[in-house]
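Chain by chain, the residues run as shown.
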Amino acid sequence: MSAHAIGRPRLNAALDTDIPLTLLRSASGSGKTTALVEWASTTASRVVWVTVTPAIATSEALAHALLQALPRGDHPHPADRNEGWDAATSRLRSAEGALVVVLDDAAAVDREGVFALCRAVATAPRARLIVATNRPSPFDSEGLDLVIDTTILAPEDLMFDTDEVRRALGADAETAAVVREATGGFPALIRALAIRGTDVDPSALDAATTAIEDYLRARLAECAFDPQALHGLLRISITDTVDLPLAVALTDDPDIADTLDQAEMFGFGRWATDGRSSFALAPLARGMLRRELRRTFADEVSALRRIAAEGAVRRGIPFEGLRLAVEDDDLRLATHVTMSGWNHLLHRDRHAVVELLGDIPVARFKQEPLVAMLLGMCLKPSRLRRARGLQLLRMAISAANARRTTLSATERIFIWAAESASLRVIGRPERAGQVAARAVALFAEIPESQWQQYAGDMPLLCTHLGISLYAAGQHEEAVHLWEQATALAAVHGNANAFHGLCLLGGVHALHGDLPEARRYVALIRDGDWDPALLDSYRGSFYRVAEAMLAVEEGDLAEAKRHVRLFEPYRATSEHWTTMATVEAWVALHDGEPAAGLERLESFARLRGKEAGATHVRQALFRPRALLHLALGDLSAARSAVQRDAAPDRFGTLLERARLALVDGRAADVVRLLAHTRLQPATARERAEAAAVNSAALHQVSPAAAQPSTETLGLQLIDRELTTPLALLSAEDFGVVRDDLDPTGRAALPLRSALPSFASRPRLSSREQVVLQALTSGAPLPTIAAELSVSQNTLKTQLRSLYRKLSARNRTEAMEQAARHGLLPE
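Rules used in this analysis
- Residues numbered from 1 in each chain as written.
- Predicted model: local features only at pLDDT ≥ 70, side-chain atom pairs only at ≥ 80, totals over all residues.
- Heavy atoms only, no water.
- Helix = DSSP H or I, 4+ residues; strand = E, 2+ residues; numbered from the N terminus.
- Rg over C-alpha atoms; globule rule 2.2 N^0.38 Å.
- Buried < 20%, exposed > 50% of the residue type's maximum accessible area, 1.4 Å probe, protein only.
- Contact = heavy atoms within 4.5 Å.
- Areas by Shrake-Rupley, 256 points an atom, 1.4 Å probe, with all protein chains shown as cover.
- Lys, Arg positive; Asp, Glu negative; His and termini not counted.
- Charge placed at Lys NZ, Arg CZ, Asp CG, Glu CD.
- Polar contact = N/O pair within 3.5 Å; in protein donor to acceptor, adjacent residues only side chain to side chain.
- Axes fitted to C-alpha atoms, helices over the stretch in contact; angles between N-to-C directions.
- Parallel < 35°, antiparallel > 145°, perpendicular 65-115°, else oblique.
- Left-handed = near helix turned anticlockwise from the far one by under 90°.
- Nonpolar A, V, L, I, M, F, W, Y, C, P; charged D, E, K, R; others polar.
- Disulfide = S-S within 2.5 Å.
- Expected span 1.5 Å × (residues − 1).
- 1 Å grid on protein atoms, 1.4 Å probe; cavity = no way out; pocket = protein on both sides within 12 Å on 5 of 7 lines; lining within 4 Å.
- Points joined across faces, edges and corners; volume = space filled by probe spheres on them.

Undergrad: Looking at this structure, how should I read the overall build of the chain?
TA: Each helix and strand in the chain was counted, giving 45 helices and eight strands. Rg of the C-alpha trace for the chain: 38 Å, well past the compact-globule value of 28 Å for 825 residues, more than 25% over. Projected onto its principal axes, the C-alpha positions of the chain cover 130 × 75 × 50 Å. Counting the 825 residues in the chain, one finds 53% classified as buried. Considering only contacts within the chain whose residues lie at least 6 apart along the sequence, 68% involve residues at least 24 apart. Accessible area of the chain: about 37000 Å², with a carbon and sulfur share of 52%. Placing the 92 positive and 103 negative side-chain charges of the chain at their respective mean positions leaves the two points 8 Å apart.

Undergrad: Where do I start with the side chain of histidine 511 in this structure?
TA: Its place among the elements puts histidine 511 in helix 27 (residues 498-511). For histidine 511, a relative accessible area of 13% gives the class buried. Looking at histidine 511, its side chain comes within polar contact range of the side chain of tyrosine 470, at 3.4 Å. Discounting residues that sit within four places of it in the chain, histidine 511 has contacts with Tyr470, His475, Thr682, Ala683 and Arg684.

Undergrad: Would you explain the packing of helix 31 (residues 556-564) against helix 32 (residues 576-589) in this entry?
TA: The relative placement of two packed helices comes down to the angle between their axes together with the axis-to-axis distance. The interhelical angle for the contact between helix 31 and helix 32, taken along N-to-C directions, is 155 degrees, at an axis separation of 10 Å. Put simply, helix 31 runs roughly antiparallel to helix 32. Remark: the crossing between helix 31 and helix 32 carries left-handed chirality. Contact residues: helix 31 offers Leu556, Ala559, Lys560 and Val563, while helix 32 offers Val582, Glu583, Val586 and His589. A class-by-class count of the residues in the contact of helix 31 with helix 32 yields five nonpolar, one polar and two charged.

Undergrad: So what exactly am I meant to see when it comes to the state of the cysteines here?
TA: Cysteine pairs can be covalently joined through their sulfur atoms, and such a bond is termed a disulfide. As enumerated under the stated definition, the model contains zero disulfides in all. For cysteine 462, which is in no disulfide, the shortest distance to another cysteine sulfur is to cysteine 502 and amounts to 17 Å. Here cysteine 462 falls in the buried class, since its relative accessible area comes to 3%.

Undergrad: I tried to follow helix 16 (residues 301-314) on my own but got confused; where do I start?
TA: Structural remark: α-helix, 3.6 residues per turn; residues separated by three or four positions point the same way. Spanning 14 residues, helix 16 covers 20 Å between terminal C-alpha atoms, matching the ideal 20 Å at 1.5 Å per step. In this structure, the buried side of helix 16 is in contact with helix 12 (227-236), helix 13 (244-251), helix 15 (283-296), helix 17 (318-327) and helix 18 (331-340). Just downstream of helix 16, glycine 316 is the residue with a positive phi angle, here 80 degrees.

Undergrad: Whenever I open this one, the layout of surface pockets confuses me. Can you help?
TA: Summary: where empty space remains is shown by rolling a probe the size of a single water molecule over the atoms. Looking at the second largest pocket, its volume works out to about 590 Å³. For the second largest pocket, the lining is made up of 26 residues, of which His344, Gly456, Asp457, Leu460 and Asn496 are closest to its centre. When residues of the lining of the second largest pocket are traced back to their parent elements, those giving at least two are helix 16 and helix 19 (342-347). For the lining of the second largest pocket, the element with the highest residue contribution is helix 19, accounting for three residues. For the lining of the second largest pocket, the residue count by class is eight nonpolar, 12 polar and six charged.

Here it is, written out as structure tokens:
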């Protein structure tokens, strides 16, 4: 052991295992041999050490070398007379006690020798094998794990952790952490610092780097790279990581992979663990090479950055491309990268974007407002920097709206999409819809060639524009845009189709178009999506669809399972009113209206002032009214409709008709639904209106109800709906259900979600006028004068009213009217 070797008990423990084969594969200088020597000096097992040289790299030569090293038993086996694998296997089997064969520098052993050695060790119950290689080798062959059980110590396992750095350098914890970050914990670099013996602290680390670079330069000389290969490494150092196509593009060397293999052998970088998908230079090696690049090829640096930025975009790591563009002070390139990786930069790299762009003067962004928009969107969640974020957003929006703008159509679409999303989130859905409509119109006008290079992000952009349209009440336009987005994503990468598919499934389920909802849900269920997506913000409407479908099928337990997954997003999701509506829907049909109402109101309390906005109250009036109705509180249900419902919507008319039906005013229901210019907006509204109309006609004339009931039955079958029937009072539900299904075999609900209102007093229109007059508290002569009747006539009407209310006087009449929800609002 060298006097400068650093003890590492952690690795000793990892090497002291019962698994037959332990494989260490890491670059030269990563401490493999040192770790093995230290372990060998502490283990209780007998260790046989073979260092592979070119002379023993073949199978036959390796068997001979192993026989030379293995101890001979007291009673030689007949197989020992030959020099091949039979003899080596026999020697391994007959070994006394635990025996470990260490094969160092083993990458050169041929495949035949590797498999022969592993078969021999696998058949020896007391023998183990530890192999160290500095590059991929036959020990990484597929199928070897079928021959022998294997454990791997990966390159990262051999790197020094912070505590080991601290002990090696005698440094404090803070300094050790800085050194660990700078060196990656590469053992040879830590050893170089330890040998130098210089006090290392965070402020003096640059001085200590001299020792590291001396070591790295010595390794470069040892590698004996030819000039073309060395120049290739210099050019690759322009970026943090490369894949093979990018490495070839940067170096113009089709054989650059061989150079990177050699660089990995000597510790200058590492291929990804999944093979050659990407290569990352070690941080200090990259720094040294990059400085040399600027000295040697200064005139190429800018072009190399552009190539590397394009490569980063292609590989799905746009932040690296943005960093390169900013490093070159090329904000035009930064705009291109921003459009190419908009969603990734905004949602995954937000903090890094702020750190990268945050110190650039605002004036620098005037020529590239889309980059300003990106930074503004990233700054907006920060309370301390929100003012600057809003300043940047206003700048970008003004540039996009200017009559003589220098922006391309695609840049304006990106800016308007971000603007509409911002407006939507702050509770201005109508304005968000207007901006989104402008962006969609421009998108439809321009040829595909103008946005083709950004097609990867276009599906998500269109999806968010569709959300803004939907929030503004433009439902058909939103669905059409989501269909376009998913079709575009199918061409340019299915992962970006996920959000659109979820929205389509959820909205179709909410609207009562169950065949379409099932189709989209099936695409999500059968798709090869990241499981985390299903429970993410993007997956919210997938859970909506599943819950609504489960309710229609009568599987309330399954519906509850899906709505429980809303929990992490109750306080943050912009879709919270939809979540609250679906939770209320499940509770209503599960016979738990009180719990559903409390859950709904707790949701509103959680959102604070936002819950009082007009568009929010309009979104929640229906679940509130239905839950109150399910509790038998007609007065509260009527109040919710009168206070919160939008007056020009068919849904409002429908709920008024439902209340009139419960009130016993069947003729008013038929009149309301027949004489209106408003039309149902969804299949669910059509079916529910048909159910209410059929129930009202049954009260007037069962024969007249037959056509309406037949229409209802056809709608339920076509849209695969069941719940519209359950939203009738218990007595109306029974009558209409029997008419729909005399045999009782159809897949219809077995009970109503609403109680019976049969015992509720039925007041004539005149009696309702008198009751309203009583609420004023005026004396009877005054009331008679206001109603233009004699006092005797008023007394007659009061007797009829008291009888229906089972009241003896005015006070009891008011109490009974309040209990039955008969008091006017």
